[in-house]
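Coordinate analysis (summary)
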Amino acid sequence: MSTPVTLHIYDVSTDSRVGSINEYLEALGTGAFHAGVEVNGLEWSYGYSPDNTGVFSCPPKGCKAHKYRDSLSMGETAKSAAEIKEIIETLKEDWLGLDYDLLRKNCCLFSKELVQKLEVGPVPSWVTNLAAAGATLHDGLLKGKEYADKAAIMAKAKAGEFDEKYNISGTAKAAAKEVLEAAGRFDEQYRVRERALLAAAHAKAKAGELGQAMQDEAAALHKEMDTDGDGQISMDEMTP
């Protein structure tokens, strides 16, 4: 005894504008669709879930998260009810909710696999084309980044080879060392630092001598003006 299999197609979300867009996209062989497979009175599909499987069922044409669009007959499966149940249970283990990916593991791809396992169909390519195109674009972007990373590594390696061949860093270090050694030889020859230290010491000594001389002169003047010898200069003593 054979069992009919039907693919139910929805416009993604309940926003009517998506349906209008899909009218144009479908003419181009693609569209933003949700899909579910009806068999034995239930519609099976797949979506994100934080716990266990992402496979779920609902009444035919009854997915409330999306707007029903159309139904396509996939033919009749020769699988028995027990075999169909076993296929779905296996898919529940393989299609975990946390594995949901908008481009690579979504409801349309689940429906395609279920239809294949029921040995009916196939699911039209325009149902899955949009996700496939997105995955291809995503892969292209990743591949571009991979090439850029490899180019950077190669450039760095080449710079290392160039440096090793021409010893650029070694030459720079040698040049710096040579400048320091030359400065040392110049200083050794002309005793620049020693002369500078001696000049500084001489200036300090001179400053000290000058300061002492000024102190002695001030003391002598104070003694001369302090006529009564009390150590203080009074107004009378300051008056000539």
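Structure: see above.
These notes cover the structure that comes with them. This is a predicted model, so every value here is computed, not measured.

1. Brief notes about the pairing of strand S2 (residues 33–39)
- Most of S2 is tucked away: six of the seven residues are buried.
- Where strand S1 (residues 3–11) and S2 come together, seven bridges link them in antiparallel fashion. Its bridge partner being in S2, Val5 is matched across the sheet by Val39.
- Looking at chain direction, S2 and strand S3 (residues 42–46) are connected through three bridges and run antiparallel. Directly across from Glu38, in S3, lies its bridge partner Glu43.
- Adjacent in sequence and paired antiparallel, S2 and S3 are bridged by two residues, among which Asn40 carries a positive phi angle near 55 degrees.

2. Side note on the packing of helix H2 (residues 81–94) against helix H3 (residues 107–117)
- Two numbers describe how H2 lies on H3: the axes approach to 11 Å, and their chain directions differ by 145 degrees. You can see that H2 and H3 cross each other, and the crossing is right-handed. Packed against H2, whose contacting residues are Ile87, Ile88 and Leu91, the element H3 presents Phe110, Glu113, Leu114 and Lys117 at the interface.
- Tallied by class, the residues present in the contact of H2 with H3 amount to five nonpolar, no polar and two charged.

3. Some thoughts on the sheet that holds S3
- One open sheet accounts for five strands, arranged S4-S3-S2-S1-S5; its pairing is antiparallel. Looking at strand neighbours, the two that pair on one side only are strand S4 (55–58) and strand S5 (67–77), the edges of this open sheet. For this sheet the average axis-to-axis angle between neighbouring strands, irrespective of direction, equals 30 degrees.
- When S3 meets S4, the two strands line up antiparallel, connected through four bridges. If you follow Ser45 over to S4, its bridge partner there is Phe56.

4. Overview of unusual backbone geometry
- Of the consecutive residues Gly121 and Pro122, the connecting peptide bond is found in the cis state with omega at 15 degrees.
- Locating Pro122 in the fold gives a position in the loop between H3 and helix H4 (125–166).
- Despite not being glycine, Asn52 has its phi angle at roughly 55 degrees, a positive value.
- Structurally, Asn52 is set in the loop between S3 and S4.

5. Here's the deal with the nonpolar core
- Leu7, Phe110, Leu114, Leu118 and Val127 are the most contacted members of the largest nonpolar core, which totals 26 residues.
- Sorting the residues of this core by element identifies S1, S2, S3, H2, H3 and H4 as the ones contributing at least two each.
- Considering every element that reaches this core, the biggest residue donor is H3, with five residues.
- Every residue in contact with Leu114, bar those within four places of it in the chain, is listed here: Val37, Trp44, Ile87, Ile88 and Leu91.

6. Some remarks on the state of the cysteines
- Inspection of every chain in the model, using the stated rule, returns zero disulfides.
- Here Cys107 stays unpaired: no disulfide links it, and the sulfur of Cys108, its closest cysteine neighbor, is 4.1 Å away.
- The buried category is assigned to Cys107, whose relative accessible area is 7%.

7. What to know about the packing of aromatic side chains
- Throughout the structure, instances matching the rule amount to six aromatic pairs.
- Between the aromatic rings of Tyr10 and Tyr68, the centroid separation amounts to 5.8 Å while the plane-to-plane angle is 80 degrees, which identifies the pairing as edge-to-face. With a gap of 58 residues between them, Tyr10 in strand S1 and Tyr68 in strand S5 connect regions that are remote in the sequence.
- With centroids separated by 5.8 Å and ring planes inclined at 35 degrees, the aromatic side chains of Tyr46 and Tyr100 adopt a geometry described as tilted. Of this pair, Tyr46 sits in strand S3 while Tyr100 sits in the loop between H2 and H3; the two residues are 54 residues apart in sequence, bridging distant segments of the chain.
- Here the aromatic residues Tyr46, Trp95, Tyr100 and Phe110 are joined through ring pairs into a cluster of three or more.

8. Comments concerning the pattern of salt bridges
- Under the definition given, this model contains three salt bridges.
- Here Arg69 makes a salt bridge to Asp11, at a shortest N to O gap of 3.0 Å. On the criterion of sequence distance, the pair formed by Arg69 in strand S5 and Asp11 in strand S1 is long-range, its members being 58 residues apart.
- Note on Arg69: relative accessible area 21%, which makes it partly exposed.
- Its relative accessible area of 5% is what places Asp11 among the buried residues.

Reading guide: rules and limits
- Residues numbered from 1 in each chain as written.
- Predicted model: local features only at pLDDT ≥ 70, side-chain atom pairs only at ≥ 80, totals over all residues.
- Heavy atoms only, no water.
- Buried < 20%, exposed > 50% of the residue type's maximum accessible area, 1.4 Å probe, protein only.
- Helix = DSSP H or I, 4+ residues; strand = E, 2+ residues; numbered from the N terminus.
- Pairing = 2+ DSSP bridges.
- Axes fitted to C-alpha atoms, helices over the stretch in contact; angles between N-to-C directions.
- Left-handed = near helix turned anticlockwise from the far one by under 90°.
- Contact = heavy atoms within 4.5 Å.
- Nonpolar A, V, L, I, M, F, W, Y, C, P; charged D, E, K, R; others polar.
- Core = buried A, V, L, I, M, F, W, Y, C linked by side-chain atoms within 4.5 Å.
- Disulfide = S-S within 2.5 Å.
- Phe/Tyr/Trp six-rings, centres within 6.5 Å; stacked < 30°, edge-to-face > 60°.
- Salt bridge = Lys/Arg side-chain N within 4 Å of Asp/Glu carboxyl O.

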